[in-house]
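If you want the building blocks of each chain, they are given just below.
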Amino acid sequence: MKALVAPSYGPLDQLVVTEVPDPRPGPGELLVQVEAAGLNPLDGALVTGAMRAMMPVEHPFVVGMDAAGVVKAVGEGVAGYEIGDAVVAYTHFHPGTIAEYTTVAVGPNVAKRPTGLDAVRGAALPATSLTAECNMAAAEAEAGRTILIIGATGGVGSFTVQLAAQEMCIRDSAPSVRTTSSTTPRPIR
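For the structure given in this document, a descriptive report is provided here. (Residues numbered from 1 in each chain as written. Predicted model: local features only at pLDDT ≥ 70, side-chain atom pairs only at ≥ 80, totals over all residues. Heavy atoms only, no water.)

1. Focus on the sheet that holds strand E1 (residues 2–6)
Definition in use: Strands are labelled as partners when DSSP assigns at least two bridges between them. In this description a helix means any DSSP run of H or I spanning at least four residues, a strand means any run of E spanning at least two, and both kinds are numbered starting from the N terminus.
One open sheet accounts for 3 strands, arranged E2-E1-E4; its pairing is antiparallel. Looking at strand neighbours, the two that pair on one side only are strand E2 (16–19) and strand E4 (61–62), the edges of this open sheet. Across 2 bridges, the pairing between E1 and E4 is antiparallel. Bridge pairing in E4 links Val5 to Val62.

2. Structural notes on unusual backbone geometry
Across the junction of His59 and Pro60, the peptide omega takes the value -10°, indicating a cis bond. Inspection of the secondary structure puts Pro60 in the loop between helix H1 (41–48) and E4.

3. A short note on the environment of Val78
So the rule is basically this: Only protein chains enter the area calculation, which uses a 1.4 Å probe; residues under 20% of their type maximum are buried, those over 50% are exposed, and those in between are partly exposed. When checking whether two residues touch, look at their non-hydrogen atoms; a contact exists if any pair is within 4.5 Å.
Relative to the assigned elements, Val78 resides in the loop between strand E5 (66–74) and strand E6 (86–90). For Val78, a relative accessible area of 17% corresponds to the buried category. Residues Val78 and Pro27, 51 residues apart in the sequence, show an inter-C-alpha distance of 7.3 Å. Val78 has contacts with Gly28, Glu29, Leu30 and Val106, leaving out every residue within four places of it along the chain.

4. Description of the nonpolar core
Formally: Working definition of a nonpolar core: buried Ala, Val, Leu, Ile, Met, Phe, Trp, Tyr and Cys residues. They are joined through side-chain atoms within 4.5 Å.
By size, the foremost hydrophobic cluster in this structure holds 11 residues: Leu4, Ala6, Leu46, Val47, Met55, Val57, Phe61, Val63, Met65, Tyr90 and Ala127. Grouped together as the second largest cluster of nonpolar side chains are 9 residues, Leu30, Val32, Val78 and Ala89 included.

Put into structure tokens, the structure is as follows:
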């Protein structure tokens with residue numbers, strides 16, 4: 001299959017589209033035919049080596065962590081997913097998503113894609129929404145606390161605002177939420 005590969009740590013212009021072996025789903029994994037994939041700042045940091053002390057990668061490695069696609073095979077022991085299911089997935093760069101196929105472990109990093117959510121928009125969701133969820137968990141939101149969300153109009157910030165609002169609706173007495181963002185209008189795409 002074709003994939004976008006980083007042959008070693010280095011500048012982004014060293015990336016190449018090349019043939020790599022097709023991934024195969026292991027126990028508890030799905031094989032996903034990628035329809036769309038997303039890139040995040042972390043992907044660039046992994047390519048250049050800026051994160052190698054904390055998150056080393058084996059080279060060559062396939063770039064990307066976010067994908068939307070269709071399940072083409074299920075590994076042993078998988079329940080709740082079938083061939084043909086449309087999904088969004090976060091692979092944590094193993095094996096990478098800028099490729100024709102990827103694999104993902106069944107669990108919190110993969111979900112069935114709702115009808116009406118196209119693959120391109122679906123591929124933009126995993127890393128930003130998971131980061132927002134982690135932010136909310138770290139904030140330890142509870143009644144009487146104020147949560148400040150910086151960059152509330154960005155990808156992670158907009159998800160964090162929605163999760164904070166949901167928290168306020170679930171609890172009888174919820175935290176107070178404050179946001180910041182730029183005064184320069186920027187369309188959300």
